[in-house]
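Descriptive analysis of the structure
Given next are the chains, with one letter for each unit.
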Amino acid sequence: MSFKSSGVPQGIAMPSRRRFVQGLAAGGAIAGLGLWPRASWAQTAQTMPTLRGTEFDLSIGETLVNYTGSTRPAVTINGTVPGPLLRWKQGTTVTLRVRNELPRGSIHGPDTSIHWHGILLPANMDGVPGMSFDGIRPGESYLYRFDVKQAGTYWYHSHSGFQEQGGMYGPLVIDPDGPDPIASDRDYVVMLSDWTDMNPAKLFARLKKMASHDNVYQRTVGDFMRDAERNGLPATIADRKMWGQMRMTPTDLSDVNGQTYTYLLNGTTALGNWTGVFAPGDKVPLRLINGSAMTYFDVRIPGLKLTVVAADGQPVHPVTVDELRIGAAETFDVIVQPSGQDAYTLFAQDSARTGYVSGTLAVREGLRAPIPPLDPRPILSMADMGHGDMHAGHDMSSMETPQPAPAADPHAGHAMPGTNPAAPIAADPHAGHDMSANTGAMAGMDHGNGATPDMGGGGMQTHPASETNKPLVDMQTMAPTPKLDDPGIGLRNNGRRVLTYADLRSTFADPDGRDPGRTVELHLTGHMEKFAWSFDGLKFAQAQPLRMTYGERLRIVLVNDTMMSHPIHLHGMWSDVEDADGNFQVRKHTVDMPPGSKRSYRVRADALGRWAYHCHLFFHMESGMFREVRVQE
Ligand SMILES: [Cu+2]
C-alpha cells in the first residue's frame, strides 16, 4: 500500500514509524503529550537492540527524539539512535536488506545508504553513493551480501547527505571464527556520538558562513596582561599579531563543539546514565566506538586502568593506560577490571573541553560515582602546528608544556599562501620566508620509489604546487613530525598515562611483507575562515582520482598543513601505519592526523574498484577533504 492510497497526508510520517527515544531525563515535556508508546528512559546495555546471525533487515526511517528538551526528527535504523548492534561471525556470509522508509519531505531524505566502516568487501557493497553504488531511493531496498573476512569492533553509518550527523550510525561487532581474545560473559559496546537539534544541513551552512561560531572562548585582556608580564610586551604583541594574521585564536580546537552538540553514549545523554553492570573482579571488555560526526573524545574511568587490546578492530599488544583520545570513526577495545568500588564513572569529554557524556560501570543499575570536572581548556602552541619551536623560551601555553620541537629548523617559519611573503608574520626574523621556490615542481608528489621518506628529520617541508596561491589554503606547515608519541593537545603532562599512537603495535607482522613500491604524499589543507577543507588544496570536484594498481603495495605520506586534527579514512583497504623509521607498526582503518603532523602508512591495493578516501570529520568531508581512490588492473 502506498502513502497515497492509504490516505496518510504526504509529508507526515506514519505514526507507527514515529517513536520517542528519550535521552534526557528532563524530557517531561514529551510525557505531557501522552506519547510514550515505547519510551526508554535510559538505554542500558541490556536493552541495546542487538541483531545476530547472517540475515538482517534494516529499515531507514525518521524517528522523533528528545535529548535536549526539544523534540526533533532523527534519521534512524530500525527506529533507534544508534541503530541496532549488529553481531556477525567471521567466516560467514552476511545478507543485509536495507530499505529506505524515510517519509516524503523528511529533512533527512530522500536517498539513503549504509557504509560498513572498516570492512573488507567488494566495492559495490561499500555503500558510498557515487562510487560503486547509486544509493537507495525512497521506498526501495538494497541487498548487501558479502563474506565476513575479519573480526573485531567496527561500526556502520550512512554515506548519504547529512544523515550521519542526523543519527544514522550503529555499532558492529564481528566474533572471530577461532577463540575470542577478549571472550567474556559480558562485553559492552560504548558508542560515543554528537547530537544536534539543528538540521545538519543548516549547521553546515552556518559553518560556511561563520566557521568560528562555536569558538566563543576568545582570550581576554586579562590573559594579555598576564602573558605580557611573563613574556614581555613585544613578544606578547607579536604573538597576538601572529594569531590575528592566521585568522584564528589559539583556543580554536574544534569547529563544532558543546556549544552546539549534546554528547551521547549508546544513544543517551549523561543524565540518561548508561550503565554497564559488572561483578567485582570481572574482566570487562569495553568496545569503544567514536560514531560522532565532528568530535574527538578523551575517555577515562577514574579509579580504573584501561588495557587497550585492539585498535580499529585489529588486535594490538596490550598496553595499560589511564586515558585515551579517540578520533571520529576510530574504535578501541579496552579491558577494565573493576573491584573495590560499587560504581565507576565512564567519562568522555570533548577535546576542546566544552562538554562531556558519561555513563556508569556498577554492580547494579541505579548507582553513580562522582563525575569529574572538565579539564582546563588547552591553548594551541606554534609547535602544535608543526612550525617548530619558533618562540624558544616563550611558552604560549599556560596549561601544558609545549612539545619540544624535535626537528626545530632555525628557519622554521610559517607560511600563509596568498599573503605577501614580505610581510613578517611573527617575531621570528625568518618568518615570511618565501616558499614559492620550494613548491614548484612537486605536482603529484609521487616520489616514484618506496625509499623511506624523510619523516621530519630536519629538512624544510615542501608543498605541492596545487597548494600554492590557492584561495582555499590559508597555511602550510614548515617542520611537521610524526608526533606518534605525543598524547595530543590538552593531554600532555596531565598526571595521567595517556595512550599515544606509538603505543599501538599490531600483534602480527606486516601482513603484506613487501616494501612499498612507491610513495604518494598528500597534504591535508584548509582555510579556516572559509571553512574549506581539501587534499593538496584541491577539492574533490577538482581533483583526479588517486590511482592504484591492483596488487601493488604503496606508501601514503600525509602532511597536515592545517591547525585542526583530521581522522583520515581509506575505504576497502587497510592503512598499515608505519613508525617514524618507516617500519610497519599498527593496522588501522582510520589514521588520526594531529595539527602539524606527518605520518605514513602502507596500503596493499587488493580491492578493485572505486573507493572513498576522506577526512572522517563529517563537515570536512562535506566541504571537500575527499578523494576517490581507484584500484585498477
Ligand atoms: Cu578533517
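Starting from 1, residues in each chain are numbered consecutively following that chain's sequence as written. Owing to the predicted nature of the model, reporting of local features is limited to residues with pLDDT of at least 70; listing and counting of side-chain atom pairs is limited to 80 or more, with chain, interface and lining totals taken over all residues. Excluded from the side-chain calculation are hydrogens and water; included are all heavy atoms of the structure.

**Brief notes about the overall build of the protein chain**
To keep it simple, the criterion reads: The secondary structure listing takes helices from DSSP runs of H or I that are at least 4 residues long and strands from runs of E that are at least 2 residues long, numbered from the N terminus. Burial classes follow relative accessibility: with a 1.4 Å probe on protein chains only, a residue under 20% of its type's maximum area counts as buried, one over 50% as exposed, and anything between as partly exposed. Only heavy atoms enter the contact rule, under which two residues are in contact if any of them lie within 4.5 Å. Using the Shrake-Rupley algorithm and a 1.4 Å probe, accessible areas are obtained, with residue cover drawn only from the displayed protein chains.
What the protein chain contains, in helices and strands, is six helices and 32 strands. Scored against the burial criterion, the 633 residues of the protein chain give a buried share of 61%. Long-range contacts, defined here as pairs at least 24 residues apart, represent 77% of the contacts in the protein chain between residues at least 6 apart. If you sum the accessible surface of the protein chain, you get close to 22,700 Å²; carbon and sulfur atoms cover 53% of it.

**Focus on the nonpolar core**
For the record, the criterion: By convention a nonpolar core is built from buried Ala, Val, Leu, Ile, Met, Phe, Trp, Tyr and Cys residues, the set being connected through side-chain atoms within 4.5 Å.
In terms of nonpolar packing, the biggest core is built from 112 residues, with Trp-88, Trp-116, Leu-286 and Tyr-613 touching the most fellow members. In terms of residue count, the dominant contributor to this core is strand β31 (residues 609-615) (four residues). Judged by nonpolar contacts, the second largest core, of 15 residues, contains Met-48, Ala-74, Leu-85 and Tyr-169.

**Quick look at the sheet that holds strand β21 (residues 356-362)**
Selection rule: Two strands pair under a simple rule: DSSP has to find at least two bridges between them. For every element, the axis is a line fit to its C-alpha atoms; helices are fit only across the contacting stretch, and the angle between N-to-C directions ranges from 0 to 180 degrees.
Taking strand neighbours across the sheet as the criterion, the five strands line up as β13-β21-β20-β15-β18 in an open arrangement whose pairing is mixed. Each edge of the open sheet carries a strand with a single partner, namely β13 (275-277) and β18 (323-326). Averaged over all pairs of adjacent strands, the angle between their axes in this sheet comes to 20 degrees, without regard to strand direction. As paired strands, strand β15 (residues 297-300) and β18 are joined by four bridges and run antiparallel to one another. Across the sheet, the residue bridging to Val-299 is Leu-324, located in β18.

**Details of the packing of aromatic side chains**
Definition in use: Two rings from Phe, Tyr or Trp (for Trp, the six-membered ring) form a pair when their centres sit within 6.5 Å of each other. Planes less than 30 degrees apart are called stacked, planes more than 60 degrees apart edge-to-face, and all others tilted. Geometrically, a lysine NZ or arginine CZ counts as sitting over a ring once it is within 6 Å of the ring centre and also within 35 degrees of the ring normal.
Tallied over the entire structure, the rule returns 24 aromatic pairs. Judged by centre distance (6.3 Å) and plane angle (55 degrees), the rings of Trp-116 and Phe-146 are tilted. With Trp-116 in strand β7 (residues 115-117) and Phe-146 in strand β8 (residues 141-147), this pair connects stretches of sequence that are 30 residues apart. Considered together, Trp-116 and Phe-146 belong to a single accessibility category, that of buried residues. Relative to Phe-626, the ring of Phe-540 lies with its centre 4.8 Å away and its plane at 70 degrees, an arrangement referred to as edge-to-face. Here Phe-540 is found in the loop between β23 (532-535) and β24 (546-549), whereas its partner Phe-626 is found in strand β32 (residues 626-632), with 86 residues between them in sequence. Connected via pairs of aromatic rings, a cluster forms that spans Trp-88, Trp-116, Phe-133, Tyr-142, Tyr-144, Phe-146 and Tyr-156. Above the ring of Tyr-501, the side-chain terminus of Arg-599 is found at 4.8 Å from the ring centroid.

**Some remarks on the sheet that holds strand β11 (residues 188-195)**
Strand order in the open sheet made by the six strands is β12-β11-β14-β19-β16-β17, with mixed pairing throughout. Each edge of the open sheet carries a strand with a single partner, namely β12 (262-265) and β17 (314-321). Taking each pair of neighbouring strands and ignoring which way they run, the sheet shows an average axis angle of 25 degrees.

**Examining helix α3 (residues 200-209)**
Counted only if it meets this: Throughout, the arc means that of the directions going from the helix axis to the C-beta atoms. The term polar contact refers here to a pair of N or O atoms within 3.5 Å; inside protein, the definition further demands a hydrogen-donor-capable atom paired with an acceptor-capable atom, and it admits residues adjacent in sequence only when both atoms are side-chain atoms.
All buried positions along α3 are accounted for by Pro-200, Leu-203, Phe-204, Arg-206 and Leu-207. What you see down the axis of α3 is that its buried residues fit within an arc of 160 degrees, all on one side. Among the exposed residues of α3, those pointing more than 90 degrees away from its buried face are Lys-202 and Lys-209. Near the N-terminus of α3, the side chain that reaches the backbone nitrogen of Ala-201, with its oxygen 2.9 Å away, is that of Asn-199.

**Some words on unusual backbone geometry**
For the peptide bond that leads from Val-81 to Pro-82, omega is -10 degrees, which places it in the cis range. Topologically, Pro-82 is positioned in the loop between β4 (71-77) and β5 (85-89). Phi angles above zero are rare outside glycine, and Asn-266 is one such case at about 50 degrees. Of note, Arg-353 is a non-glycine position whose phi angle comes to about 65 degrees, a positive value.

**A look at the environment of Gly-366**
Looking at the element boundaries, Gly-366 is found in the loop between β21 and β22 (518-527). The sequence separation of Gly-366 and Thr-275 amounts to 91 residues, and the corresponding C-alpha distance is 7.9 Å.

**Looking at a nonpolar patch on the surface**
Selection rule: Patch definition: residues with relative accessible area over 30% and no salt bridge; like charges joined within 9 Å; nonpolar side chains (Val, Leu, Ile, Met, Phe, Trp, Tyr) joined within 5 Å. A pairing counts as a salt bridge when a side-chain nitrogen of Lys or Arg comes within 4 Å of a carboxyl oxygen of Asp or Glu.
A cluster of nonpolar side chains, contributed by Tyr-356, Ile-371 and Leu-374, occupies part of the molecular surface with about 210 Å² of accessible area. Looking at the element boundaries, Leu-374 is found in the loop between β21 and β22. The exposure class assigned to Leu-374 is partly exposed, which follows from its relative accessible area of 33%.

**A closer look at the pairing of strand β25 (residues 553-560)**
Most of β25 is tucked away: eight of the eight residues are buried. By the alternation rule, side chains of β25 split into Arg-553, Arg-555, Val-557 and Val-559 and Leu-554, Ile-556, Leu-558 and Asn-560, which are all buried. As judged from the seven bridges shared by β22 and β25, these two strands associate in the parallel manner. Bridge assignment links Leu-522 to a residue of β25, and that residue is Leu-558. Relative to strand β30 (residues 598-604), β25 is paired through seven bridges, and the arrangement is antiparallel. Bridging from a neighbouring strand, Arg-553 pairs with Arg-604 of β30.

**Quick word on empty space enclosed by the protein**
Worth spelling out the cut-off: Each cavity reported here is a set of points on a 1 Å grid over the protein atoms alone in which a 1.4 Å probe fits but cannot get out, each pocket an open set with protein on both sides within 12 Å along at least five of seven lines, and each lining residue one with an atom within 4 Å of a point. Grid points are joined across faces, edges and corners, and a volume is the space filled by probe spheres set on the points. By the convention adopted, Pro, Cys, Tyr, Trp, Phe, Met, Ile, Leu, Val and Ala count as nonpolar, Lys, Arg, Asp and Glu as charged, and the other residues, Gly among them, as polar.
All chains considered together, the criterion is met by three cavities of 30 Å³ or more. Volume-wise, the largest cavity comes out at about 260 Å³. Contributing to the lining of the largest cavity are 21 residues, with Arg-325, Asp-486, Pro-487, Gly-488 and Asp-592 lying nearest its centre. Residues of the lining of the largest cavity, tallied by class, amount to nine nonpolar, four polar and eight charged. When its volume is computed, the second largest cavity comes out at roughly 220 Å³. Along the walls of the second largest cavity sit 20 residues, with Leu-253, Ser-254, Tyr-296, Ser-351 and Ser-565 positioned nearest its centre. Among the residues forming the lining of the second largest cavity, the class breakdown is 11 nonpolar, five polar and four charged.

Shape is all these values report; function is a separate question.
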